[in-house]
Amino acid sequence: MRTLLDPAGHPHRMRALHLSITPLVGAPGNICRALQQRPGVQARWCVLQPSVGSYSKMVFELDLTWERDRDEVIALADGADVLHLHNFIDLQTQDFAPIDLAALWRAGKPMLRHFHSTPQAVARYMRSTEATVQACPIPKLVIAQYPERYYPTARVVPNVVFAPANTQRQRPRGATVRIGYAPSRFNPGRAARWDTKGYPETCKMLRRLQASARRAGVSLEVDVIEQVTHAESLRRKADCDVFIDDLVTGSYHLNTLESLVLGVACVTYLDGRMLRTLYEATGQVDFPVINVGLEHAHDVLLNACRDPESIHAIGAHSRQWMGQHWPAPTVADVFLGIYRDVIAEPRASFPRRFGNDEIGRWLSVGGDDALWAARRPHWPQLAPEWMSKTRGTLGRLLKGRG
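Residues numbered from 1 in each chain as written. Predicted model: local features only at pLDDT ≥ 70, side-chain atom pairs only at ≥ 80, totals over all residues. Heavy atoms only, no water.

A. Examining the overall build of the chain more closely. Scanning the chain from terminus to terminus reveals 14 helices and 12 strands. Computed over the C-alpha atoms, the radius of gyration of the chain is 22 Å, within 12% of the 21 Å expected from 2.2 N^0.38 for a compact globule of 402 residues. Dimensions of the chain along its principal axes, counting C-alpha atoms only, are 70 × 50 × 45 Å. Sorting the 402 residues of the chain into buried and exposed places 51% on the buried side. Within the chain, contacts between residues separated by at least 24 positions form 72% of all contacts whose residues are at least 6 apart in sequence. Carbon and sulfur atoms make up 52% of the accessible area of the chain, which amounts to about 18,600 Å² in all. Each charge sign in the chain was given a centre, from 49 positive and 40 negative side chains, and these centres are 5 Å apart. (Helix = DSSP H or I, 4+ residues; strand = E, 2+ residues; numbered from the N terminus. Rg over C-alpha atoms; globule rule 2.2 N^0.38 Å. Buried < 20%, exposed > 50% of the residue type's maximum accessible area, 1.4 Å probe, protein only. Contact = heavy atoms within 4.5 Å. Areas by Shrake-Rupley, 256 points an atom, 1.4 Å probe, with all protein chains shown as cover. Lys, Arg positive; Asp, Glu negative; His and termini not counted. Charge placed at Lys NZ, Arg CZ, Asp CG, Glu CD.)

Given below as structure tokens:
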């Protein structure tokens with residue numbers, strides 16, 4: 001692995017400060033951890049609201065928090081070579097005052113704005129407009145997942161993932177296949193284009209799969225991992241033979257990367273745009289997931305569970321592939337190269353990757369949206385909300401009587 005050098009041949013000195021409003025499932029922290037392992041690099045991360053919303057239960061390892069470490073963060077911002085701003089932070093953000101991002105921008109401070117969500121989601125959170133999000137002058141980065149297709153001038157960057165040293169499989173491999181599922185959202189797949197993991201439909205498919213497996217004499221069990229810390233989720237994920245990420249939208253998430261690096265065979269659905277993005281990010285065409293949508297997952301999983309040894313071999317290959325093509329030091333060097341570019345030209349936007357005309361919009365968004373809409377009628381049907389609530393109430397009453 002090469003070491004970045006300055007013009008004199010010495011290890012490059014780099015100080016980066018990451019700022020985020022929420023923990024963003026720990027992604028900024030993983031980037032900083034990878035950067036810190038490169039020679040001469042200091043990378044720190046400050047979160048404004050570490051326990052907001054679902055993060056009160058879904059706990060991730062943090063570095064600095066604004067309420068606790070305010071003075072240190074102010075000093076780090078002053079001395080940073082680059083400010084790495086995540087998702088909901090732009091030049092008008094005042095949450096980190098007296099850090100004045102607009103004034104630092106005018107003074108020539110190198111900055112990056114790293115998107116983890118679609119422009120629509122960012123605008124909704126910031127009570128702004130998508131046009132305002134797109135017009136932000138800060139050079140843009142975007143994760144190599146579904147948001148990529150909405151940011152034509154953003155550089156695509158992989159998320160960083162580590163195999164936890166203390167997370168090891170606790171149960172021996174055997175004939176019983178354990179399937180894991182750890183959704184971070186619980187709304188139906190038909191409720192949103194992206195802000196969903198198809199939770200009720202996927203759970204219904206898994207119940208049907210268990211019933212089919214019993215009839216066929218196939219031994220399998222399911223672990224639905226909900227509302228636990230990140231460390232607990234990783235521990236249980238490592239004990240799975242197969243892990244399900246997102247079968248509805250057409251994108252993978254950190255769950256996929258964590259499963260692969262743990263050596264667990266991962267099932268997720270990748271649409272055509274996502275496959276092209278993964279090639280752009282890695283240079284590889286063989287991203288090692290079992291690529292299947294919700295509408296076919298039952299049959300594919302039942303077939304796979306008949307052959308546990310093949311599942312274990314796929315998991316082992318996944319771990320090897322991640323170590324070869326997605327190692328943290330390589331991803332860290334991607335970010336260091338981008339930092340050097342933005343320091344050299346702080347006001348320069350990155351080159352446009354695709355057009356904003358009718359052809360560009362169809363190839364980047366429209367075609368896969370049309371396919372998603374065509375797939376929806378083939379997903380498991382859910383009972384009406386009123387019926388589900390009635391069943392839940394009756395169940396509680398009967399349980400109370402018992």
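B. Spotlight on the packing of aromatic side chains. The final tally for this structure, using the stated rule, is 10 aromatic pairs. Pairing F88 with Y125 gives two aromatic rings, centres 3.9 Å apart and planes at 15°, and the pair type is stacked. Placement of the pair is F88 in the loop between β4 (82-86) and α3 (101-106) and Y125 in helix α4 (residues 119-126), with a sequence separation of 37 residues. By relative accessible area, which is 12% here, F88 ends up buried. Centre to centre, the rings of Y252 and W326 are 6.5 Å apart; their planes meet at 85°, and the pair counts as edge-to-face. Of this pair, Y252 sits in the loop between β10 (242-244) and α8 (254-262) while W326 sits in the loop between α11 (308-325) and α12 (328-344), placing them 74 residues apart in sequence. Accessibility assignment for this pair places Y252 and W326 in one class, buried. The positively charged end of R155 is found above the aromatic ring belonging to F350, 5.1 Å away from the centroid. Note that R273 overlies the ring of F354, its terminal NZ or CZ placed 4.8 Å from the centroid. (Phe/Tyr/Trp six-rings, centres within 6.5 Å; stacked < 30°, edge-to-face > 60°. Lys NZ or Arg CZ within 6 Å of the ring centre and 35° of its normal.)

C. Expanded view of the state of the cysteines. Per the counting criterion, the structure on display carries 0 disulfides. Its sulfur unpaired, C203 is 14 Å from the next cysteine sulfur, which belongs to C240. Not engaged in a disulfide, the cysteine C266 finds its nearest cysteine sulfur in C240; these two sulfurs lie 11 Å apart. A relative accessible area of 1% means that C266 is categorised as buried. (Disulfide = S-S within 2.5 Å.)

D. Representation of the sheet that holds strand β9 (residues 220-224) within the structure. Strand order in the open sheet formed by 5 strands is β9-β8-β10-β11-β12, and the pairing between neighbours is parallel. Edge strands, defined here as strands with exactly one partner in the open sheet, are β9 and β12 (290-291). Pairing between strand β8 (residues 177-181) and β9: 5 bridges, direction parallel. Bridge pairing in β9 links I179 to V222. Each of β8, β10, β11 (265-268) and β12 touches α11; the most contacted strand, β11, lies at about 90° to it. (Pairing = 2+ DSSP bridges. Axes fitted to C-alpha atoms, helices over the stretch in contact; angles between N-to-C directions.)

E. Molecular detail of helix α1 (residues 27-36). Along α1, 8 of the 10 residues are buried, which leaves the element largely enclosed by surrounding structure. Elements in contact with the buried residues of α1: β1 (14-20), β2 (41-47), β4, β5 (111-115), α8 and α12.

F. Spotlight on the sheet that holds β2. Read from one edge to the other, the open sheet built from 7 strands follows the order β3-β2-β1-β4-β5-β6-β7, with strand pairing classed as parallel. Looking at the sheet topology across the chains shown, the edges are occupied by β3 (64-65) and β7 (155-157). Relative to β5, β4 runs parallel, the two being bridged by 4 bridges. Residue pairing for β5: H84 is matched across the bridge by L112.

G. A look at the pairing of strand β6 (residues 140-143). Side chains K140 and V142 of β6 all project onto a buried face; the interleaved residues L141 and I143 project onto the opposite face, where all are buried too. Both β5 and β6 contribute to a ladder of 3 bridges, which runs parallel. Within the sheet, the bridge partner assigned to R113 lies in β6 and is K140. Two elements, β6 and β7, share 3 bridges in a ladder whose sense is parallel. Residue pairing for β7: V142 is matched across the bridge by V156.

H. Expanded view of the packing of α8 against α11. Relative to each other, α8 and α11 sit at 105°, their axes nearing to 6 Å. As summarised for this structure, α8 and α11 are arranged roughly perpendicular, according to the angle between their axes. In this structure, α8 uses L257, L260, V261 and L262 to contact α11, whose residues at the interface are S318, R319 and M322. (Parallel < 35°, antiparallel > 145°, perpendicular 65-115°, else oblique.)

I. Quick peek at the nonpolar core. L35, F96, F287 and W326 are the most contacted members of the largest nonpolar core, which has 74 residues in total. Looking at which element gives the most residues to this core, the answer is α12, with 8 residues. Apart from residues lying up to four places away in sequence, F287 is in contact with T256, L257, L260, L270, L278, W321 and W326. If you look at the next biggest cluster of nonpolar residues, it comprises 26 residues, including V177, C203, L302 and W379. (Core = buried A, V, L, I, M, F, W, Y, C linked by side-chain atoms within 4.5 Å.)

J. Seen up close, α11. End to end, α11 covers 26 Å across 18 residues, agreeing with the expected 26 Å (1.5 Å per residue, within 8%). For α11, every residue scored as buried is listed here: P308, I311, H312, G315, S318, W321 and M322. Those residues of α11 hidden inside the fold are in contact with β8, β10, α8, β11, α9 (272-282) and α10 (294-305). (Expected span 1.5 Å × (residues − 1).)

Geometric values such as these leave the question of function open.
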